[in-house]
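# Residue-level structure breakdown
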Number of protein chains: 2
Amino acid sequence: MPDPVSIIGGSGALGFGLAVRLGRAGVPVVIGSRDGGRAQQAAARATAAVPFGSFEGSENAEAARRAELLVLCVPFRSQSETLTNLKAHLRPGQLVVDASVPLAAAISGKATRTIGIWQGSAAQQVEEMVPDGVRVVSALHTVSAARLGDLDHALDEDVLVCGDQRADKERVTALIERIDGLRCVDCGRLEMARLTEQLTPLLIGINIRHKTHAGIRITGLPERV
Amino acid sequence: MPDPVSIIGGSGALGFGLAVRLGRAGVPVVIGSRDGGRAQQAAARATAAVPFGSFEGSENAEAARRAELLVLCVPFRSQSETLTNLKAHLRPGQLVVDASVPLAAAISGKATRTIGIWQGSAAQQVEEMVPDGVRVVSALHTVSAARLGDLDHALDEDVLVCGDQRADKERVTALIERIDGLRCVDCGRLEMARLTEQLTPLLIGINIRHKTHAGIRITGLPERV
């Protein structure tokens, strides 16, 4: 059985969608939430959707302790506060996958716009805030939460992955590609998250105009990248 | 026969690739360059590649007068100077398609990074600089110049189009979709070029890593958008 994965903010749409997809792919998932009760409800919902899956619900701090690989799916508005609260619960060697996007919605603006982050990107803010020895990879900004959560939908799109360590990106790629229909594309160093995070508001705009849940595919790559 | 199109900076790789593709699709093309001789050489090369095409070469200013629809393909480093020089030659009603990208290469930095533009994007800088009544659409940032210029390559990717007037975007879409294998996707207002322009450095990084000429496809759209 693969190592468990903890999803911080796993009761939200993206985190929950990822949880059920990973659970269906045989990965044990700890669903974290600020509220332990809500985490357990989400785990129960995930179990109802994927009865053979392994799901547990717990507060974010406990979830952060439970796995070597964490996925951060909190709204950007709460990212900094969440990381401050988690600081004492993270340990060197852990890998954090940041999926958050600095949408202007975080400051009551539009979800088709972003705000400027001092560090350059949400992922770089995470890197600045995690304890020494905790590594960060950025991914999953172009995958629709609704499509992930709809297990009847056949995914067929790419996940753009940024990070400073090749081995970390390979580990995240191996995890995400357990999910049928997702292909990971290495987009370079973590600072490239400045570019990939901008795709979310672009797709949100396309979704509004075309009443769909769009994704991204990089064309021109060899069959197996 | 369709209306002619002028390509400002048409002797560069992107402009030339676009010229031969449009020429092959039956669109008369005026290739503009700072240097009239270089423009004529480019037109001769284009004619050699597409003997039945209609290509002329002229200085940028003359090229700007010759068509109602212009495509701006100059390196970002030269964008502001080019527009200052063209100001007297543009007239209300013309439509400028901006394909330039504020790569950090413009200030001797990396082509996988961008610089911040005061107006928000290269396209918005164009809009600020053109005379009143000249309209601006942003497009073509994700299409490889090399792939465009290689007429044996079958294109199969999307072109992301931003602009404030729906009719302008439809006109640009109708033009670009004359080229086999390109599909245009409306990405919203011109300010969304802040997002689409960021895709060029992302793709350049992917190209370096994967030794390819990558493009973009938006997934999840209905057959005809």
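For clarity, every value in this text was computed on a predicted model and none was experimentally measured. (Residues numbered from 1 in each chain as written. Chains lettered and ligands numbered in written order. Predicted model: local features only at pLDDT ≥ 70, side-chain atom pairs only at ≥ 80, totals over all residues. Heavy atoms only, no water.)

### Details of the overall build of chain A
A tally of helices and strands in chain A yields 9 helices and 9 strands. In terms of overall dimensions, chain A has C-alpha extents of about 40 × 40 × 35 Å along its principal axes. Counting contacts in chain A only where the partners sit at least 6 residues apart, residues at least 24 apart contribute 74% of the total. Accessible area of chain A: about 9,300 Å², with a carbon and sulfur share of 49%. (Helix = DSSP H or I, 4+ residues; strand = E, 2+ residues; numbered from the N terminus. Contact = heavy atoms within 4.5 Å. Areas by Shrake-Rupley, 256 points an atom, 1.4 Å probe, with all protein chains shown as cover.)

### A word on the interface of chain A and chain B
Listed by partner, the interface residues are 33 residues for chain A and 33 residues for chain B. Counting each side, the surface lost to burial between chain A and chain B is near 2,600 Å², with a carbon and sulfur contribution of 64%. Of all residues in chain A, Leu195, Leu202 and Thr219 of chain A give up the largest surface area on contact with chain B, accounting jointly for 22% of the area buried on that side. Across the contact surface, chain A and chain B share 4 salt bridges. (Buried area = accessible area lost by both parts, 1.4 Å probe. Salt bridge = Lys/Arg side-chain N within 4 Å of Asp/Glu carboxyl O.)

### A closer look at the packing of aromatic side chains
Enumeration over the complete set of coordinates arrives at 0 aromatic pairs over all chains. Stacked on the ring of Phe16 of chain A, the Lys or Arg Arg45 of chain A has its end atom at 4.1 Å from the ring centre. (Phe/Tyr/Trp six-rings, centres within 6.5 Å; stacked < 30°, edge-to-face > 60°. Lys NZ or Arg CZ within 6 Å of the ring centre and 35° of its normal.)

### Topic: the relation of the copies chain A and chain B
With an RMSD of 0.0 Å, the operation that places chain A on chain B is a rotation of 180° combined with a shift of 0.0 Å along the axis. In the structure described here, the two chain copies are related by an operation that fits a two-fold rotation axis. By C-alpha distance to the rotation axis, the residue of chain A lying nearest is Arg217 of chain A, at 2.4 Å. Both copies share a contact surface, since 100% of the interface residues of chain A are interface residues in chain B too. (Least-squares fit on C-alpha atoms with pLDDT ≥ 70 in both.)

### Re the pairing of strand E9 (residues 215–219) of chain A
By the criterion of burial, E9 of chain A is predominantly enclosed, with 4 of the 5 residues buried. Note that E9 of chain A and strand E9 (residues 215–219) of chain B share 5 bridges and pair antiparallel. Bridge pairing links Ile218 of chain A to Ile216 of chain B in E9 of chain B. (Buried < 20%, exposed > 50% of the residue type's maximum accessible area, 1.4 Å probe, protein only. Pairing = 2+ DSSP bridges.)

### A look at the sheet that holds strand E4 (residues 69–72) of chain A
Residues and elements named next belong to chain A. Read from one edge of the open sheet, 8 strands run E3-E2-E1-E4-E5-E6-E7-E8, paired in mixed fashion. Edge strands, defined here as strands with exactly one partner in the open sheet, are strand E3 (55–59) and strand E8 (182–186). Direction aside, neighbouring strands of the sheet carry axes that sit 25° apart on average. Taken together, the 5 bridges between strand E7 (residues 157–163) and E8 define a ladder with parallel strand orientation. Among the inter-strand pairings, Asp158 is bridged to a residue of E8, identified as Arg183. (Axes fitted to C-alpha atoms, helices over the stretch in contact; angles between N-to-C directions.)

### Re the pattern of salt bridges
All names here are of chain A. What the rule picks out here adds up to 23 salt bridges over all chains. Of the charged contacts in the structure, one is a salt bridge between Asp168 and Arg135, with a shortest N-O distance of 2.6 Å. Separated by 33 residues along the polypeptide, Asp168 in helix H7 (residues 166–176) and Arg135 in strand E6 (residues 135–138) bring together distant segments of the chain. On the basis of relative accessible area, Asp168 is assigned to the buried category, the value being 5%. Taking relative accessible area as the criterion, Arg135 reaches 28% and is therefore assigned partly exposed. We note a salt bridge from Arg183 to Asp158, for which the minimum N-O separation is 2.8 Å. Note that Arg183 is positioned in strand E8 and Asp158 in strand E7, a separation of 25 residues in sequence. With a relative accessible area of 14%, Arg183 lands in the buried category. Residue classification places Asp158 among the buried residues on the basis of a relative accessible area of 0%. A single salt-bridge network, built from bridges that share partners, covers Asp156, Asp158, Arg183 and Arg217.

### Some words on the sheet that holds strand E7 (residues 157–163) of chain B
Residue and element names in this part refer to chain B. Pairing is mixed across the open sheet formed by 8 strands, whose spatial order is E3-E2-E1-E4-E5-E6-E7-E8. In this open sheet, the two strands that pair with only one neighbour each are strand E3 (55–59) and strand E8 (182–186). Taking each pair of neighbouring strands and ignoring which way they run, the sheet shows an average axis angle of 25°. Where helix H1 (residues 13–24) meets the sheet, its contacts fall on strand E1 (5–8), strand E2 (29–33), E3 and strand E4 (69–72), and the angle it forms with E1 comes to roughly 165°.

### Quick notes on the confidence of the model for chain A
For chain A, the mean per-residue pLDDT works out to 96, and 99% of the residues sit at or above 70. Scored as a complex, the prediction yields pTM 0.91 and ipTM 0.85. (pLDDT = per-residue confidence, 0-100.)

### With respect to unusual backbone geometry
In this structure, Leu140 of chain A takes a positive phi of about 80° despite not being glycine. Within the secondary structure, Leu140 of chain A sits in the loop between E6 and helix H6 (145–149). The buried category is assigned to Leu140 of chain A, whose relative accessible area is 4%. If you check the backbone angles, Ser108 of chain B has positive phi at about 65° while not being a glycine. Given the relative accessible area of 70%, Ser108 of chain B is considered exposed.

### Digging into the side chain of Glu197 of chain A
Residue and element names in this part refer to chain A. Structurally, the position occupied by Glu197 is in the loop between helix H8 (193–196) and helix H9 (199–210). Of the side chains with opposite charge, Arg194 lies nearest to the buried Glu197, which makes no salt bridge, at 8.3 Å. There is a polar contact of 2.8 Å between the side chain of Glu197 and the backbone nitrogen of Ala122. Polar contacts involving the side chain of Glu197 include one to the main-chain amide nitrogen of Ala123, which spans 2.9 Å. Those residues in contact with Glu197, other than ones at most four positions away along the chain, are Asp98, Ser100, Val101, Pro102, Ser121, Ala122, Ala123 and His141. (Lys, Arg positive; Asp, Glu negative; His and termini not counted. Polar contact = N/O pair within 3.5 Å; in protein donor to acceptor, adjacent residues only side chain to side chain.)

### Some details on the packing of helix H4 (residues 79–86) of chain B against helix H5 (residues 122–129) of chain B
Residue and element names in this part refer to chain B. One can describe the packing of H4 onto H5 by two numbers: an axis separation of 10 Å at closest approach and a directional angle of 20°. It follows from the interaxial angle that H4 and H5 lie roughly parallel. Seen from above, H4 lies across H5 with right-handed handedness. In this structure, H4 uses Gln79, Ser80, Leu83 and Thr84 to contact H5, whose residues at the interface are Ala122, Gln125, Val126 and Met129. (Parallel < 35°, antiparallel > 145°, perpendicular 65-115°, else oblique. Left-handed = near helix turned anticlockwise from the far one by under 90°.)

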